[in-house]
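Remarks on the overall topology
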Amino acid sequence: MGGAWRRQWLPVPSVGGLRPTADAQRETLFNWLQPQLPGARVLDLYAGTGALGFEAASRGAREVWLVERDARAASQLEANRERLGAVQVHVRRDDVARLLSQPPEGGPFDLVFLDPPFGQERVTPALAALVAQGWLAPGARVYAELESDLDPALVAGPGWDIERERVGGQARGLLLTRSA
């Protein structure tokens, strides 16, 4: 992890489908995002290890919500939050589809990490729900991670622009913004 918690290691619970973002992919992503992170409100969906959300907090995000359905993973997120003293990080154990079916509490988010388990086709419906329920602040960005063999334009669908893209191994990372 970079930022204020540089060289901090986050334990990875043994949870089926948990696939932490590769270090090189994460480094590239945060190089893209660094100018937007200070003061940002961040939502990390399918948080897993929380590496993306904790890194955002470490680099100046004012508020970060980690959403994880699995009880073991959510418990580890809470333990990591306590260990790091990350008072701006909040953990919510919830189902992402259920959560996104309603408007956000506390207002929209400036940045959303969307990194669901592969092979379950969850990116496209989540993007639609983020828009439909008002989860995104004006100018918000969404980082979506998906299988490298999927067509990014089809996954994102109409209404989204691919600002940046990186393919590494089996993963394709997309930095998305709403089309004008």
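Scope of this entry: the structure provided in the associated data block.

Moving on, we get to the overall build of the chain. Regarding its fold elements, the chain presents six helices and seven strands. Secondary structure elements in the chain, listed N-terminal to C-terminal, are α-β-α-β-α-β-α-β-α-β-α-β-β. Per-residue burial for the chain yields a buried fraction of 50% across its 180 residues. Restricting the contact set of the chain to residue pairs at least 6 apart, pairs at least 24 apart contribute 66%. Roughly 8500 Å² of accessible area belongs to the chain as shown, and the carbon and sulfur atoms make up 50% of that amount.

Turning to the nonpolar core, a few remarks are in order. If you look at the biggest cluster of nonpolar residues, it comprises 26 residues, and the most contacted ones within it are Leu45, Leu114, Leu127, Leu130 and Val142. Elements supplying a minimum of two residues to this core: strand S1 (41–45), helix H4 (96–100), strand S4 (109–114), helix H5 (123–132), strand S5 (136–147), helix H6 (152–156) and strand S7 (171–178). Those residues in contact with leucine 130, other than ones at most four positions away along the chain, are Leu43, Leu45, Leu100, Val112, Trp135, Leu136 and Val142. Within the second largest apolar cluster, 25 residues are counted, among which are Leu37, Ala61, Ala74 and Val91.

Attention now goes to the pattern of salt bridges. Overall, the coordinates contain 11 salt bridges when judged by the stated rule. For arginine 62, the salt bridge goes to glutamate 63, with nearest N and O atoms at 3.4 Å. Taking the relative accessible area as the measure of exposure, arginine 62 reaches 49% and is therefore partly exposed. Using a relative accessible area of 16% as the deciding quantity, one classes glutamate 63 as buried. Residue arginine 92 pairs with glutamate 105 through a salt bridge whose shortest N-O separation is 3.7 Å. Highlighted residues: arginine 92 in strand S3 (residues 89–93) and glutamate 105 in the loop between H4 and S4, separated in sequence by 13 residues. By relative accessible area, arginine 92 is classed as partly exposed at 23%. Given the relative accessible area of 60%, glutamate 105 is considered exposed.

Turning to the pairing of strand S6 (residues 160–168), a few remarks are in order. Pairing analysis gives eight bridges linking S6 to S7, with the strands arranged antiparallel. By the bridge assignment, arginine 166 is partnered in S7 with glycine 173. From the end of S6 to the start of S7, which pair antiparallel, there are two residues, and glycine 169 there has a positive phi angle of about 65 degrees.

Here the phi dihedral of tyrosine 46 falls at roughly 55 degrees; this positive angle occurs in a residue that is not glycine. For tyrosine 46, the position within the fold is in the loop between S1 and helix H2 (51–58). Taking relative accessible area as the criterion, tyrosine 46 reaches 16% and is therefore assigned buried.

This part takes up the packing of aromatic side chains. For the structure on display, the rule yields two aromatic pairs. When the centroid spacing of 5.9 Å and the interplanar angle of 55 degrees are considered together, the rings of phenylalanine 30 and phenylalanine 113 count as tilted. Within this pair, whereas phenylalanine 30 is found in helix H1 (residues 23–33), its partner phenylalanine 113 is found in strand S4, the two being separated by 83 residues in sequence. The burial state of phenylalanine 30 is the same as that of phenylalanine 113; both residues are buried. Geometrically, the ring pair formed by phenylalanine 109 and tryptophan 135 is stacked, given 6.0 Å between the ring centres and 15 degrees between the ring planes. Taken as a pair, phenylalanine 109 in strand S4 and tryptophan 135 in the loop between H5 and S5 lie far apart in primary sequence, 26 residues in all. Just as phenylalanine 109 is buried, tryptophan 135 falls in that class too.

Thresholds applied
Residues numbered from 1 in each chain as written. Predicted model: local features only at pLDDT ≥ 70, side-chain atom pairs only at ≥ 80, totals over all residues. Heavy atoms only, no water. Helix = DSSP H or I, 4+ residues; strand = E, 2+ residues; numbered from the N terminus. Buried < 20%, exposed > 50% of the residue type's maximum accessible area, 1.4 Å probe, protein only. Contact = heavy atoms within 4.5 Å. Areas by Shrake-Rupley, 256 points an atom, 1.4 Å probe, with all protein chains shown as cover. Core = buried A, V, L, I, M, F, W, Y, C linked by side-chain atoms within 4.5 Å. Salt bridge = Lys/Arg side-chain N within 4 Å of Asp/Glu carboxyl O. Pairing = 2+ DSSP bridges. Phe/Tyr/Trp six-rings, centres within 6.5 Å; stacked < 30°, edge-to-face > 60°.

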